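Geometric and topological summary
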Amino acid sequence: MPKILLADSLNKKEKNLEKVKNNVVLGDSLDVMKRLPSRSFDLIVTSPPYNLKNSTGNGMKDGRGGKWESAALQNGYQQHSDDMPYDEYCKWQRKCLRQMLRLIKDDGAVFYNHKWRVQGGLLQDRQEIVKNLPVRQIIIWRRKGGINFNSGYFLPTFEVIYMLTKSHFKLEKGANKYGDVWDIMQEMNNPHPAPFPLELIERIISSTNAQTILDPFAGSGTTAIAAMNNNRNFVCIDNSPVYCEMALKRINGDNWNGR
Ligand SMILES: C[S@@+](CC[C@H](N)C(=O)[O-])C[C@H]1O[C@@H](n2cnc3c(N)ncnc32)[C@H](O)[C@@H]1O
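Analysis parameters
- Here the residue index of a chain counts from 1 through its sequence in written order.
- The model is predicted, so local features are restricted to residues of pLDDT at least 70 and side-chain atom pairs to those at 80 or more, both for listing and for counting; the totals for chains, interfaces and linings are taken over all residues.
- Each side-chain value is worked out from all heavy atoms of the structure, with water and hydrogens disregarded.
- Whether a residue is near a molecule or strand is decided by its heavy atoms; if any one of them lies within 4 Å of it, the residue is near.
- Any N or O atom pair separated by 3.5 Å or less is treated as a polar contact, with the protein-specific requirement of one donor-capable and one acceptor-capable atom, and with residues adjacent in sequence counted only for side-chain atom pairs.
- Here the accessible surface of atoms and residues is derived via Shrake-Rupley with a 1.4 Å probe, and residues count as covered only by protein chains that are part of the display.
- Three residue categories are used. Nonpolar comprises Ala, Val, Leu, Ile, Met, Phe, Trp, Tyr, Cys and Pro, charged comprises Asp, Glu, Lys and Arg, and polar comprises the others, including Gly.
- Think of a salt bridge as a Lys or Arg side-chain nitrogen and an Asp or Glu carboxyl oxygen that are within 4 Å of each other.
- In DSSP terms, a helix is any run of H or I states spanning at least four residues, a strand is any run of E spanning at least two, and both are numbered starting from the N terminus.
- Note on classification: 1.4 Å probe, protein chains only; a residue is buried when its accessible area is under 20% of the maximum for its type, exposed when over 50%, partly exposed between these limits.
- A strand pair is defined by DSSP finding two or more bridges across the two strands.
- Clockwise travel from the first strand over the helix to the second, with the strands pointing away from the viewer, marks a crossover as right-handed.
- For helices, the fitted axis covers only the stretch in contact; all axes are lines through C-alpha atoms, and the angles between them, taken along N-to-C directions, range from 0 to 180 degrees.
- Contacts: residue pairs with any heavy atoms within 4.5 Å of one another.
- Note on aromatic contacts: the rings of Phe and Tyr and the six-membered ring of Trp form a pair at centre separations within 6.5 Å, being stacked when their planes are under 30 degrees apart, edge-to-face when over 60 apart, and tilted otherwise.
- Each patch is assembled from residues with relative accessible area greater than 30% and no salt bridge, linking like charges that lie within 9 Å and nonpolar side chains (Val, Leu, Ile, Met, Phe, Trp, Tyr) that lie within 5 Å.
- Within this scheme the basic residues Lys and Arg register as positive and the acidic residues Asp and Glu register as negative, but His and the chain ends are omitted.
- A charged residue contributes its charge at one atom only: NZ of Lys, CZ of Arg, CG of Asp or CD of Glu.

What to know about the site of the ligand
Close to the ligand lie 21 residues; D28, H192, S220, T222 and D238 are nearest. Between the ligand and D28, the relevant distance is 2.8 Å, taken from a nitrogen atom to a side-chain nitrogen or oxygen of the residue. In the environment of the ligand, an oxygen atom lies 2.8 Å from a nitrogen or oxygen atom belonging to the side chain of D238. For the ligand, whose accessible area on its own is 600 Å², the fraction buried by protein is 98%. Split by residue class, the shell around the ligand holds 10 nonpolar, nine polar and two charged.

Description of the pattern of salt bridges
In total, this model carries eight salt bridges according to the counting rule given. Among the salt bridges present, the one from R35 reaches D8, with a minimum N-O distance of 3.5 Å. Of this pair, R35 sits in helix 1 (residues 29-35) while D8 is found in the loop between strand 1 (4-6) and strand 2 (23-26), placing the two residues 27 residues apart along the sequence. Given a relative accessible area of 5%, R35 falls into the buried group. A salt bridge links R142 to D183; its shortest N-O distance comes to 2.7 Å. Of the two residues, R142 sits in strand 7 (residues 135-144) while D183 sits in strand 9 (residues 181-185), which places them 41 residues apart along the sequence. Classification of R142 as partly exposed rests on a relative accessible area of 40%. In this structure D183 comes out as partly exposed when scored by relative accessible area, which is 34%. When salt bridges that share partners are traced, they join D8, D31 and R35 into one network.

Some thoughts on the pairing of strand 11 (residues 233-238)
A large share of strand 11 lies buried, amounting to five of its six residues. Pairing of strand 2 with strand 11 involves four bridges; the strand directions are parallel. Of the residues in strand 11, the one forming a bridge with V24 is C236. Two elements, strand 10 (residues 212-215) and strand 11, share four bridges in a ladder whose sense is parallel. Counterpart to T212 in the pairing with strand 11 is N233. For the crossover from strand 10 across helix 5 (residues 222-229) to strand 11, the handedness is right-handed.

Some words on the sheet that holds strand 2
The nine strands lie next to each other as 1-2-11-10-3-4-8-7-9, forming an open sheet whose pairing is mixed. Looking at the sheet topology across the chains shown, the edges are occupied by strand 1 and strand 9. Here the average twist between neighbouring strands, direction ignored, is 20 degrees. By the bridge criterion, two bridges tie strand 3 (residues 41-46) to strand 10 in an arrangement that is parallel. Along strand 10, the bridge assignment pairs I44 with L214. Each of strand 3, strand 4 (104-114), strand 7, strand 8 (158-165), strand 9 and strand 10 touches helix 4 (residues 198-206); the most contacted strand, strand 9, lies at about 140 degrees to it. Across the sheet, helix 6 (residues 241-251) touches strand 1, strand 2 and strand 11, and the angle it forms with strand 2 is around 175 degrees.

Structural notes on the packing of aromatic side chains
Scanning the model with the defined rule gives six aromatic pairs in all. On the basis of an interplanar angle of 65 degrees and a centroid distance of 6.2 Å, the ring pair of Y89 and W92 is categorised as edge-to-face. Taken together, the positions of Y89 and W92, both in helix 2 (residues 86-103) and three residues apart, correspond to about one turn of that helix. You can call W92 buried: its relative accessible area is 15%. On the basis of an interplanar angle of 90 degrees and a centroid distance of 6.0 Å, the ring pair of W116 and F158 is categorised as edge-to-face. One end of the pair, W116, is in the loop between strand 4 and strand 5 (117-119); the other, F158, is in strand 8, and 42 residues separate them in sequence. Look at W116 and you get partly exposed, because its relative accessible area is 25%. Note on F158: relative accessible area 35%, which makes it partly exposed. The rings of Y89, W92 and F217 are connected pair by pair, giving a single aromatic cluster.

Some thoughts on a positive patch on the surface
A contiguous patch of positive charge, built from K13, K34, K91 and K95, is present on the exposed surface. Here K34 lies in helix 1.

Here's what the structure looks like:
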(Lines give C-alpha, C1' and ligand atoms only; values in the text may rest on other atoms or scores of the structure.)
Protein backbone atom coordinates (compact mmCIF):
# COMPACT_ATOMS: atom_id res chain seq x y z
CA MET A 1 0.00 0.00 0.00
CA PRO A 2 1.55 3.39 -0.96
CA LYS A 3 2.52 5.59 1.98
CA ILE A 4 4.15 8.88 2.93
CA LEU A 5 7.81 8.53 3.95
CA LEU A 6 9.72 11.24 5.75
CA ALA A 7 12.92 12.26 3.98
CA ASP A 8 14.90 11.58 7.17
CA SER A 9 13.77 7.97 7.16
CA LEU A 10 15.89 7.46 4.03
CA ASN A 11 19.58 6.61 4.24
CA LYS A 12 22.05 9.30 3.22
CA LYS A 13 22.73 7.11 0.17
CA GLU A 14 20.03 4.60 -0.75
CA LYS A 15 21.44 1.64 -2.71
CA ASN A 16 18.28 1.15 -4.77
CA LEU A 17 14.71 2.47 -5.08
CA GLU A 18 12.96 -0.30 -3.15
CA LYS A 19 12.08 1.88 -0.14
CA VAL A 20 10.69 4.78 -2.16
CA LYS A 21 9.12 3.04 -5.16
CA ASN A 22 5.38 3.76 -5.46
CA ASN A 23 5.48 5.99 -2.39
CA VAL A 24 5.32 9.71 -1.62
CA VAL A 25 8.35 11.25 0.09
CA LEU A 26 7.77 14.32 2.27
CA GLY A 27 10.86 16.50 2.20
CA ASP A 28 13.00 18.92 0.27
CA SER A 29 13.40 17.65 -3.27
CA LEU A 30 17.11 18.44 -3.57
CA ASP A 31 17.86 16.68 -0.28
CA VAL A 32 15.77 13.63 -1.22
CA MET A 33 17.18 13.38 -4.76
CA LYS A 34 20.74 13.45 -3.37
CA ARG A 35 19.90 10.33 -1.33
CA LEU A 36 18.77 8.34 -4.40
CA PRO A 37 21.08 6.26 -6.60
CA SER A 38 22.39 7.48 -9.97
CA ARG A 39 20.77 6.13 -13.15
CA SER A 40 17.78 4.72 -11.26
CA PHE A 41 14.89 6.37 -13.15
CA ASP A 42 13.76 6.05 -16.76
CA LEU A 43 11.86 9.31 -16.78
CA ILE A 44 11.36 12.45 -14.70
CA VAL A 45 8.29 14.63 -15.25
CA THR A 46 7.94 17.74 -13.16
CA SER A 47 6.72 21.28 -12.78
CA PRO A 48 8.74 23.25 -10.21
CA PRO A 49 7.51 26.38 -8.46
CA TYR A 50 7.83 29.18 -11.08
CA ASN A 51 8.90 31.90 -8.59
CA LEU A 52 5.91 33.94 -9.73
CA LYS A 53 5.78 36.13 -6.65
CA ASN A 54 9.26 37.48 -7.40
CA SER A 55 8.15 40.01 -9.91
CA THR A 56 9.56 43.30 -11.27
CA GLY A 57 6.13 44.69 -12.06
CA ASN A 58 2.64 44.32 -10.70
CA GLY A 59 2.64 40.55 -11.07
CA MET A 60 1.69 38.75 -7.89
CA LYS A 61 4.21 40.29 -5.53
CA ASP A 62 1.95 42.51 -3.47
CA GLY A 63 -0.27 39.70 -2.18
CA ARG A 64 -3.36 40.96 -3.97
CA GLY A 65 -2.75 38.87 -7.06
CA GLY A 66 -1.53 41.88 -9.02
CA LYS A 67 -2.76 41.76 -12.55
CA TRP A 68 -4.31 38.33 -12.01
CA GLU A 69 -6.78 39.14 -9.24
CA SER A 70 -7.91 35.60 -8.61
CA ALA A 71 -4.59 33.88 -9.12
CA ALA A 72 -4.58 30.67 -7.10
CA LEU A 73 -0.91 31.18 -6.28
CA GLN A 74 -1.11 34.66 -4.84
CA ASN A 75 -0.23 33.23 -1.42
CA GLY A 76 2.46 30.89 -2.76
CA TYR A 77 2.50 27.18 -1.89
CA GLN A 78 1.82 25.70 1.53
CA GLN A 79 5.56 25.39 2.39
CA HIS A 80 7.18 27.58 -0.26
CA SER A 81 6.61 31.30 -0.73
CA ASP A 82 7.47 31.29 -4.48
CA ASP A 83 9.35 34.55 -3.95
CA MET A 84 13.11 33.85 -4.06
CA PRO A 85 15.65 36.39 -5.33
CA TYR A 86 15.86 35.65 -9.06
CA ASP A 87 19.56 34.57 -9.13
CA GLU A 88 19.09 32.34 -6.12
CA TYR A 89 16.02 30.76 -7.73
CA CYS A 90 17.90 30.02 -10.97
CA LYS A 91 20.84 28.49 -9.08
CA TRP A 92 18.46 26.32 -7.06
CA GLN A 93 16.62 25.09 -10.14
CA ARG A 94 19.91 24.36 -11.95
CA LYS A 95 21.03 22.27 -8.98
CA CYS A 96 17.71 20.40 -9.09
CA LEU A 97 18.06 19.76 -12.83
CA ARG A 98 21.63 18.49 -12.39
CA GLN A 99 20.37 16.01 -9.80
CA MET A 100 17.55 14.95 -12.13
CA LEU A 101 20.06 14.35 -14.92
CA ARG A 102 22.21 12.28 -12.55
CA LEU A 103 19.16 10.20 -11.60
CA ILE A 104 18.09 9.19 -15.11
CA LYS A 105 19.50 6.26 -17.05
CA ASP A 106 21.47 6.63 -20.29
CA ASP A 107 18.23 6.31 -22.27
CA GLY A 108 16.25 8.52 -19.89
CA ALA A 109 14.68 11.97 -20.17
CA VAL A 110 13.50 14.84 -18.01
CA PHE A 111 10.32 16.70 -18.99
CA TYR A 112 10.64 20.03 -17.17
CA ASN A 113 7.57 22.28 -17.35
CA HIS A 114 8.05 26.04 -16.96
CA LYS A 115 6.61 29.35 -17.97
CA TRP A 116 8.16 32.21 -19.93
CA ARG A 117 7.26 35.72 -18.88
CA VAL A 118 8.17 39.33 -19.49
CA GLN A 119 10.05 40.96 -16.60
CA GLY A 120 11.51 44.45 -16.72
CA GLY A 121 10.65 44.60 -20.44
CA LEU A 122 12.67 41.47 -21.27
CA LEU A 123 11.69 37.89 -21.93
CA GLN A 124 12.55 35.69 -18.96
CA ASP A 125 12.88 32.51 -20.98
CA ARG A 126 14.60 30.44 -18.27
CA GLN A 127 17.89 30.23 -20.20
CA GLU A 128 19.70 30.85 -16.90
CA ILE A 129 18.28 27.57 -15.65
CA VAL A 130 18.79 25.30 -18.65
CA LYS A 131 21.88 26.73 -20.37
CA ASN A 132 24.50 24.08 -21.25
CA LEU A 133 22.16 21.31 -20.15
CA PRO A 134 21.06 18.72 -22.73
CA VAL A 135 17.80 20.30 -23.93
CA ARG A 136 16.75 18.34 -27.03
CA GLN A 137 13.39 19.95 -27.69
CA ILE A 138 10.98 22.55 -26.32
CA ILE A 139 7.30 21.63 -26.41
CA ILE A 140 4.70 24.37 -26.25
CA TRP A 141 1.75 23.43 -24.07
CA ARG A 142 -1.20 25.55 -25.14
CA ARG A 143 -3.48 25.54 -22.13
CA LYS A 144 -6.99 25.86 -23.37
CA GLY A 145 -9.41 27.46 -20.96
CA GLY A 146 -8.89 30.11 -18.29
CA ILE A 147 -10.41 33.47 -17.53
CA ASN A 148 -8.79 36.88 -18.00
CA PHE A 149 -9.50 39.29 -15.15
CA ASN A 150 -7.40 42.14 -16.53
CA SER A 151 -8.29 44.11 -19.64
CA GLY A 152 -4.66 45.33 -19.98
CA TYR A 153 -3.39 41.91 -21.06
CA PHE A 154 -4.32 39.20 -23.51
CA LEU A 155 -5.06 35.99 -21.65
CA PRO A 156 -1.78 34.06 -21.23
CA THR A 157 -2.34 30.65 -22.78
CA PHE A 158 0.95 28.81 -23.10
CA GLU A 159 3.67 27.18 -21.05
CA VAL A 160 6.75 25.28 -22.15
CA ILE A 161 8.09 21.82 -21.50
CA TYR A 162 11.85 21.40 -21.84
CA MET A 163 12.70 17.88 -22.94
CA LEU A 164 16.19 17.21 -21.59
CA THR A 165 17.58 13.86 -22.65
CA LYS A 166 20.49 11.48 -22.28
CA SER A 167 21.94 10.39 -25.60
CA HIS A 168 20.06 7.07 -25.99
CA PHE A 169 16.56 8.43 -25.28
CA LYS A 170 13.93 7.48 -27.87
CA LEU A 171 10.18 8.05 -28.07
CA GLU A 172 7.80 5.14 -28.40
CA LYS A 173 6.93 4.30 -32.00
CA GLY A 174 4.39 6.77 -33.38
CA ALA A 175 4.57 9.26 -30.49
CA ASN A 176 6.31 11.90 -32.60
CA LYS A 177 2.97 12.42 -34.36
CA TYR A 178 1.94 14.73 -31.49
CA GLY A 179 4.23 17.45 -32.82
CA ASP A 180 5.65 20.14 -30.57
CA VAL A 181 2.53 22.22 -29.82
CA TRP A 182 0.13 20.45 -27.51
CA ASP A 183 -3.41 21.74 -27.00
CA ILE A 184 -4.47 20.38 -23.64
CA MET A 185 -7.08 21.86 -21.37
CA GLN A 186 -5.75 23.08 -18.02
CA GLU A 187 -6.90 21.28 -14.88
CA MET A 188 -9.92 22.99 -13.34
CA ASN A 189 -10.99 20.41 -10.79
CA ASN A 190 -8.11 20.03 -8.34
CA PRO A 191 -7.66 21.87 -5.01
CA HIS A 192 -3.86 22.17 -5.48
CA PRO A 193 -2.99 25.75 -6.62
CA ALA A 194 -1.00 24.67 -9.72
CA PRO A 195 -1.83 21.12 -10.82
CA PHE A 196 -0.91 19.39 -14.06
CA PRO A 197 -3.82 18.21 -16.21
CA LEU A 198 -3.73 14.42 -16.16
CA GLU A 199 -3.92 14.27 -19.97
CA LEU A 200 -0.62 16.16 -20.31
CA ILE A 201 1.30 13.70 -18.14
CA GLU A 202 -0.42 10.68 -19.65
CA ARG A 203 0.74 11.89 -23.06
CA ILE A 204 4.34 12.23 -21.88
CA ILE A 205 4.44 8.88 -20.08
CA SER A 206 2.71 6.92 -22.84
CA SER A 207 5.13 8.45 -25.36
CA THR A 208 7.98 6.56 -23.66
CA ASN A 209 8.57 3.02 -22.44
CA ALA A 210 9.68 4.33 -19.04
CA GLN A 211 8.98 1.89 -16.22
CA THR A 212 9.91 4.05 -13.23
CA ILE A 213 9.09 7.74 -13.12
CA LEU A 214 10.03 10.47 -10.63
CA ASP A 215 8.28 13.75 -9.93
CA PRO A 216 10.44 15.77 -7.48
CA PHE A 217 7.84 18.58 -7.19
CA ALA A 218 4.83 16.30 -7.15
CA GLY A 219 2.11 18.44 -5.54
CA SER A 220 -1.20 16.61 -5.77
CA GLY A 221 0.46 13.56 -7.37
CA THR A 222 -0.79 13.85 -10.95
CA THR A 223 2.39 12.16 -12.22
CA ALA A 224 1.73 9.20 -9.93
CA ILE A 225 -1.84 8.85 -11.19
CA ALA A 226 -0.69 9.00 -14.82
CA ALA A 227 2.02 6.41 -14.06
CA MET A 228 -0.50 4.07 -12.40
CA ASN A 229 -2.98 4.47 -15.28
CA ASN A 230 -0.19 3.32 -17.61
CA ASN A 231 1.02 0.48 -15.36
CA ARG A 232 4.30 2.19 -14.52
CA ASN A 233 6.02 2.81 -11.16
CA PHE A 234 6.37 6.23 -9.58
CA VAL A 235 8.17 8.16 -6.86
CA CYS A 236 6.69 11.47 -5.68
CA ILE A 237 8.50 14.12 -3.62
CA ASP A 238 6.97 17.28 -2.16
CA ASN A 239 7.86 19.39 0.88
CA SER A 240 4.24 20.14 1.84
CA PRO A 241 2.53 17.71 4.23
CA VAL A 242 -0.85 18.95 2.93
CA TYR A 243 -0.02 18.22 -0.73
CA CYS A 244 1.58 14.85 0.16
CA GLU A 245 -1.66 13.85 1.91
CA MET A 246 -3.61 15.05 -1.13
CA ALA A 247 -1.40 12.93 -3.41
CA LEU A 248 -1.63 9.85 -1.19
CA LYS A 249 -5.41 10.03 -1.01
CA ARG A 250 -5.57 10.34 -4.76
CA ILE A 251 -3.14 7.43 -5.27
CA ASN A 252 -5.29 5.33 -2.96
CA GLY A 253 -8.33 6.11 -5.08
CA ASP A 254 -10.03 8.41 -2.59
CA ASN A 255 -10.20 11.85 -4.14
CA TRP A 256 -12.20 14.74 -5.40
CA ASN A 257 -12.76 13.61 -8.96
CA GLY A 258 -12.57 9.87 -8.92
CA ARG A 259 -9.22 9.59 -10.76
C1 LIG B 1 3.78 23.53 -9.68
S2 LIG B 1 3.54 22.65 -8.22
C3 LIG B 1 3.43 20.99 -8.80
C4 LIG B 1 2.00 20.52 -8.97
C5 LIG B 1 1.87 19.13 -9.53
N6 LIG B 1 2.41 19.05 -10.87
C7 LIG B 1 0.42 18.64 -9.50
O8 LIG B 1 -0.06 18.12 -10.53
O9 LIG B 1 -0.25 18.81 -8.49
C10 LIG B 1 5.11 22.71 -7.45
C11 LIG B 1 5.21 21.93 -6.13
O12 LIG B 1 6.54 22.05 -5.63
C13 LIG B 1 6.47 21.94 -4.21
N14 LIG B 1 7.74 22.45 -3.66
C15 LIG B 1 8.17 23.72 -3.56
N16 LIG B 1 9.41 23.77 -3.04
C17 LIG B 1 9.78 22.48 -2.81
C18 LIG B 1 10.96 21.89 -2.29
N19 LIG B 1 12.02 22.60 -1.90
N20 LIG B 1 11.01 20.53 -2.21
C21 LIG B 1 9.94 19.78 -2.59
N22 LIG B 1 8.80 20.30 -3.10
C23 LIG B 1 8.72 21.63 -3.21
C24 LIG B 1 5.22 22.75 -3.85
O25 LIG B 1 4.72 22.36 -2.59
C26 LIG B 1 4.28 22.42 -5.02
O27 LIG B 1 3.39 21.39 -4.68
